[in-house]
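# Fold and contact review
So the chains spell out like this:
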Amino acid sequence: MPAPKYEPYIPAGTILREFTLRAVLTGTILGMVFGASSLYLVLKVGLTVSASIPVAVISLALFRTWSKAGGRDSTILENNITQTAGSAGESIAFGVGVTMPAILILGFDLELTRVMLVGLLGAILGILMMIPLRRPHIVEDHGRLKFPEGTACAAVLKAGANAGDRAAASPSAQAEMRAAEAAGLGQSPGAQVIFTGFVTGLLYKTANSAFKLWKEVPEKIFGAPLQAGSVSIEVSPELLGVGYIIGFRIGSIMCAGGVLSYLILIPLIKFFGESLPAPLAPGTTLIATMTPDDIRSAYVLYIGAGAVAAGGLVSMVQAFPAIWHGLRAGFAGLTGRSEKIAAADVPRTERDLPAKVVVIGLVVLMALITLAPSLHMNLLGALLILAFGFLFVTVSSRLTGEIGSSNNPTSGMTMATLLFTCLIFLAVGWTGGAYYVTALSVGAIVCVAAANGGTTSQDLKTGFLLGSTPKFQQIAIVCGAFASALVLGPILLVLNDASTVYVPAAQVAPAGLHTDVTQLTQRGALQGPQARDDSHSYFVWQKTDTAGGPAGKYFVNDRGDAVWLVDPGINGTHDRRPDGSTVPKFSAPKATLVSYIIKGILDHKLPWALVLLGVMIALVLEMSFVPSLAFAVGVYLPLSSSAPIFAGGLIRWLVERKLRQKPAYAALTETQFNEESDKSPGVLLASGYIAGGAIAGIVIAILAGAFDRVSPRLAAFFESTDWALTAWSAAHNTFYAGASADALSLVPYLLLAGFLYLVAREKLLAPRKR
């Protein structure tokens, strides 16, 4: 039964300003900002949140402010173009952050061209493949596929529409506005709220991380009888904001996974392994001497990786009906599209980019993918990208319409792509390190394409509800994707380099390590603050086994003696330099899993017993009707990362309990309540917390490491300042060091959380009513 015909907010026959240079530029710049903050998040906790609503609110505020200064206000369709261009960065950041750091674990360097190509080619692939899918998924399935984030974003833009937009609105849209105003809903979005959240998150993170005013991760390690058990929380604004946006249920399940790791698995391993006289593989030291973090790195990470892999694949199996329907709709869109475009009187709201653009674009993409040296690609790999790309862009679009972007199992699609790719490589005899990069490039491009396909679907749904022209949206998101791909690559490299630690080889291999330098060709040198103490050039040795010392990248001298272990900032395990200074590390949980899949299949190098324990944990949860993927991510992440997400979710639960008691919300259905909640002041403030905290973290990382390449004198100034602040806080600041620091550092965090609660309850910064 076909869905009833929908009348958009702006009728197809009404012409408003839409695709303007200022709209595209504004969206592109905002997309780069939110893309950078999303990349920071995915490296820390393996997830992102949608940027569409924050970008829409900021767009409304910027153009409305410009109009008050004498300029021209934007139309609702211009704001939609800005929001569309600005949403691309978040999806590219997810795909890049989930896959590309795996290259470090696989023993290769992060190359700027590789990262940028993966982001750009994957994004364009996702956009091109969504063009023929727009009609079957967005138009024909309207009413069946809800696209929750896209629908909520349209509501935000409608609420912020100016008088001209409201006058041009269709009769049904005007009736809807009158009904919403009578019910006390449909209030103007609070741009003040999101800007306040951004500034608050920025200042809080700067005071915490740069000026060392309080401890970043309060922690309590238990003794007997729960020896090696521990609890901790990272008191950061960005993770608190993530928790508020994803909600209490998912946040609680994630934190439960962390509790399993830190209060059950780690103490169990310590209890049973403490008396062992020799190291237990894959660990390389005695369990008796291991700290909780050592036990996590040696054993629990593999358990968590197995759980995440199983959870992702289970989510794919559960989504199979949607996958089947999506594929059928996708092929129908491909075969029937030319007839529709051939019509002479295509309405403005039905004009996509022509089919020849899609075909030519895909041919050019395949050529670029095959010929790009940094991707190590061949024809089979390019064909796999095309096949898996269409499959999972279709699936991602369909699932996004049913369950939303936040619950879309894009990482599961990536794992499925890698599994099938690696198995095909194994069948044709392509094994070993030579094919690591090829397999990873296939998975990475498909991951970005699937993520961007879901985001494009949400944007096209917003445009469909508002009455936008699809081809203008498609061009806008291409512009946003291009700019974000160019920016995210350098940011990823800077974050890794700034947190890289060069560990003396004697510290990790007391007996010494030696290799034949005649087999080595690549040379490298120390970067960052440690380079001032050692400016020598070394041979680069990628050690792939654990004989005599851990596997990894080493710098060796001309005699073949290992001098330094290069511990990367992403997925590294050493957070302290030889001079005693500490650096933050990025867990990149899903990138680690990606590397395990490739190594496990192509090189048979995985502790399968631990991985299978994780698989069993995921299956037990599914048998108990608990979403295993969220729990599994919690098992893998540090508890300090999942605890603040739980705290943010708890705040939202408390707020929504009170909100449901209001007469205006009591009569709403669950879907309507969620739509209102997704554009509430609490969500906007939380989005500001995320952007402000993440941008501050990126800037601090850049100041910590990137200036060393530009100006050694400036880098030395920042390093000496950081040393002075750290030394003063360690000696005089009880919030940073000392017996009471763990408890006292919670005080500013509680104030931050309290402010979020009060704003969400509309006790502070309440939105104005029309």
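Computed from a predicted model, the values in this text were never measured in an experiment.

### A closer look at the overall build of the chain
Within the chain, the regular secondary structure consists of 31 helices and seven strands. Compactness check: the chain gives a C-alpha radius of gyration of 26 Å against a globular reference of 27 Å for 770 residues, within 12% of the reference. Evaluated residue by residue, the chain yields a buried proportion of 57% over its 770 residues. Contacts in the chain between residues at least 24 apart in sequence constitute 80% of all its contacts with a sequence separation of at least 6. For the chain, the separation between the mean place of its 55 positive charges and that of its 48 negative charges on side chains is 7 Å.

### Side note on the side chain of Gln530
Of note, Gln530 is situated in the loop between β4 (523-525) and β5 (537-543). In this structure, Gln530 is in contact with Thr500, Val501, Tyr502, Trp564, Arg577 and Pro578, ignoring residues within four places of it in sequence.

### Re the sheet that holds β4
Ordered by their spatial adjacency, five strands build an open sheet running β3-β7-β6-β5-β4, and the pairing between neighbours is antiparallel. Two strands bound the open sheet, and with one partner strand each, they are β3 (501-504) and β4. Averaged over all pairs of adjacent strands, the angle between their axes in this sheet comes to 40°, without regard to strand direction.

### Some remarks on the confidence of the model for the chain
Per-residue confidence for the chain averages 85 on the pLDDT scale, and 91% of its residues sit at or above 70. Between the elements of the chain, mean pLDDT differs from a low of 55, seen in helix α14 (residues 320-342), to a high of 96, seen in helix α31 (residues 746-760). Across residues 337-344, where pLDDT falls below 50, the model places nine contacts with residues more than four positions away in sequence or in other chains.

### Details of the pairing of strand β7 (residues 562-567)
Most of β7 sits out of view: five of its six residues are buried. As paired elements, β3 and β7 share four bridges and run antiparallel to each other. Paired with Pro504 across the two strands is Trp564, which belongs to β7. One ladder, built from four bridges, connects strand β6 (residues 552-556) with β7; its direction is antiparallel. Residue pairing for β7: Val556 is matched across the bridge by Ala562. Counted between consecutive antiparallel strands, the loop separating β6 from β7 contains five residues, among which Gly560 sits at a positive phi close to 95°.

### Concerning the packing of helix α12 (residues 248-273) against helix α24 (residues 639-659)
A pair of packed helices can be characterised by two numbers: the angle between their axes and the separation between those axes. Their axes nearest at 8 Å, the elements α12 and α24 cross at an angle of 150°. Comparing their axes, α24 and α12 come out roughly antiparallel. Read as a crossing pair, α12 and α24 show a hand that is left-handed. Together, Phe248, Gly251, Ser252, Met254, Cys255, Gly258, Val259 and Tyr262 of α12 and Leu639, Ser642, Ala643, Ile645, Phe646, Gly649, Leu650 and Trp653 of α24 make up the contact between the two elements. Here the residues of the contact of α12 with α24 are counted per class, giving eleven nonpolar, five polar and no charged.

### Some details on unusual backbone geometry
With omega at 10°, the peptide bond leading from Ala224 into Pro225 counts as cis. Inspection of the secondary structure assignment puts Pro225 in the loop between β1 (219-221) and β2 (230-232). The linkage connecting Ala281 with the following residue, Pro282, adopts the cis geometry, with an omega of 5°. Mapped onto the secondary structure, Pro282 falls in the loop between α12 and α13 (292-318). One non-glycine residue with positive phi stands out, namely Ala228, at about 80°. Within the secondary structure, Ala228 is located in the loop between β1 and β2. With relative accessibility at 5%, the residue Ala228 sits in the buried group. Backbone geometry places Phe625, a non-glycine residue, at a positive phi of 65°. You can see Phe625 is positioned in the loop between α22 (608-623) and α23 (628-636).

### Side note on a negative patch on the surface
A surface patch of like charges, here negative, comprises Glu219, Asp293, Asp294 and Asp575. Inspection of the secondary structure puts Asp293 in helix α13.

### Let's talk about the nonpolar core
Counting 191 residues, the largest nonpolar core has Leu43, Leu240, Ile369, Leu492 and Ile598 as the members making the most contacts within it. Counting residues per element, this core draws most heavily on helix α18 (residues 436-466), which supplies 17 residues. Setting aside chain neighbours within four positions, we find Leu43 in contact with Gly97, Pro101, Leu492, Leu495, Ile570, Phe586, Ser587, Ala588 and Pro589. Ala509, Tyr554, Val556 and Ala562 belong to the second-largest nonpolar core, a separate cluster that totals 15 residues.

### Description of the environment of Arg351
The residue Arg351 is located in the loop between α14 and α15 (355-371) in this model. Exposure remark for Arg351: the relative accessible area of 38% places this residue in the partly exposed category. For the pair Arg351 and Ser468, spaced 117 residues apart in sequence, the C-alpha separation works out to 9.7 Å. Every residue in contact with Arg351, bar those within four places of it in the chain, is listed here: Val346, Thr469, Pro470 and Lys471.

### Digging into α24
The end-to-end C-alpha separation of α24 is 30 Å, in line with the 30 Å expected for 21 residues at 1.5 Å each. Counted residue by residue, α24 has 15 buried out of 21 residues, so it is predominantly covered.

### Some points on the environment of Thr289
Take Thr289: it is sitting in the loop between α12 and α13. Take Thr289: its relative accessible area is 56%, and that puts it in the exposed class. Apart from the residues within four sequence positions on either side, Thr289 is in contact with Lys270 and Asp294.

### Considering helix α17 (residues 410-427)
With 18 residues, α17 extends 26 Å between its outermost C-alpha atoms, agreeing within 8% with the 26 Å of an ideal straight helix rising 1.5 Å per residue. Where α17 is concerned, the buried positions are Thr410, Ser411, Gly412, Met413, Thr414, Met415, Ala416, Thr417, Leu418, Thr421, Cys422 and Phe425. Looking at the residues trailing α17, positive phi occurs at Gly429, about 85°.

### Focus: the pattern of salt bridges
Tallied over the entire structure, the rule returns 18 salt bridges. Between Glu234 and Lys205 there is a salt bridge; the shortest N-O distance is 4.0 Å. Remark: Lys205 occurs in helix α10 (residues 191-210) and Glu234 occurs in the loop between β2 and α11 (237-246); sequence separation between them is 29 residues. Note on Glu234: relative accessible area 8%, which makes it buried. Look at Lys205 and you get buried, because its relative accessible area is 3%. Sharing partners across several salt bridges, the network here consists of Lys44, Lys205, Glu234 and Glu238.

### Regarding a positive patch on the surface
Residues Arg657, Lys658, Lys662 and Lys763 make up a contiguous surface patch of positive charge. Checked against the element boundaries, Lys658 lands in helix α24. Under the relative-accessibility criterion, Lys658 is labelled partly exposed at 39%.

Rules of the game
- Residues numbered from 1 in each chain as written.
- Predicted model: local features only at pLDDT ≥ 70, side-chain atom pairs only at ≥ 80, totals over all residues.
- Heavy atoms only, no water.
- Helix = DSSP H or I, 4+ residues; strand = E, 2+ residues; numbered from the N terminus.
- Rg over C-alpha atoms; globule rule 2.2 N^0.38 Å.
- Buried < 20%, exposed > 50% of the residue type's maximum accessible area, 1.4 Å probe, protein only.
- Contact = heavy atoms within 4.5 Å.
- Lys, Arg positive; Asp, Glu negative; His and termini not counted.
- Charge placed at Lys NZ, Arg CZ, Asp CG, Glu CD.
- Pairing = 2+ DSSP bridges.
- Axes fitted to C-alpha atoms, helices over the stretch in contact; angles between N-to-C directions.
- pLDDT = per-residue confidence, 0-100.
- Parallel < 35°, antiparallel > 145°, perpendicular 65-115°, else oblique.
- Left-handed = near helix turned anticlockwise from the far one by under 90°.
- Nonpolar A, V, L, I, M, F, W, Y, C, P; charged D, E, K, R; others polar.
- Patch = residues over 30% accessible without salt bridge, like charges linked within 9 Å, V, L, I, M, F, W, Y side chains within 5 Å.
- Areas by Shrake-Rupley, 256 points an atom, 1.4 Å probe, with all protein chains shown as cover.
- Salt bridge = Lys/Arg side-chain N within 4 Å of Asp/Glu carboxyl O.
- Core = buried A, V, L, I, M, F, W, Y, C linked by side-chain atoms within 4.5 Å.
- Expected span 1.5 Å × (residues − 1).

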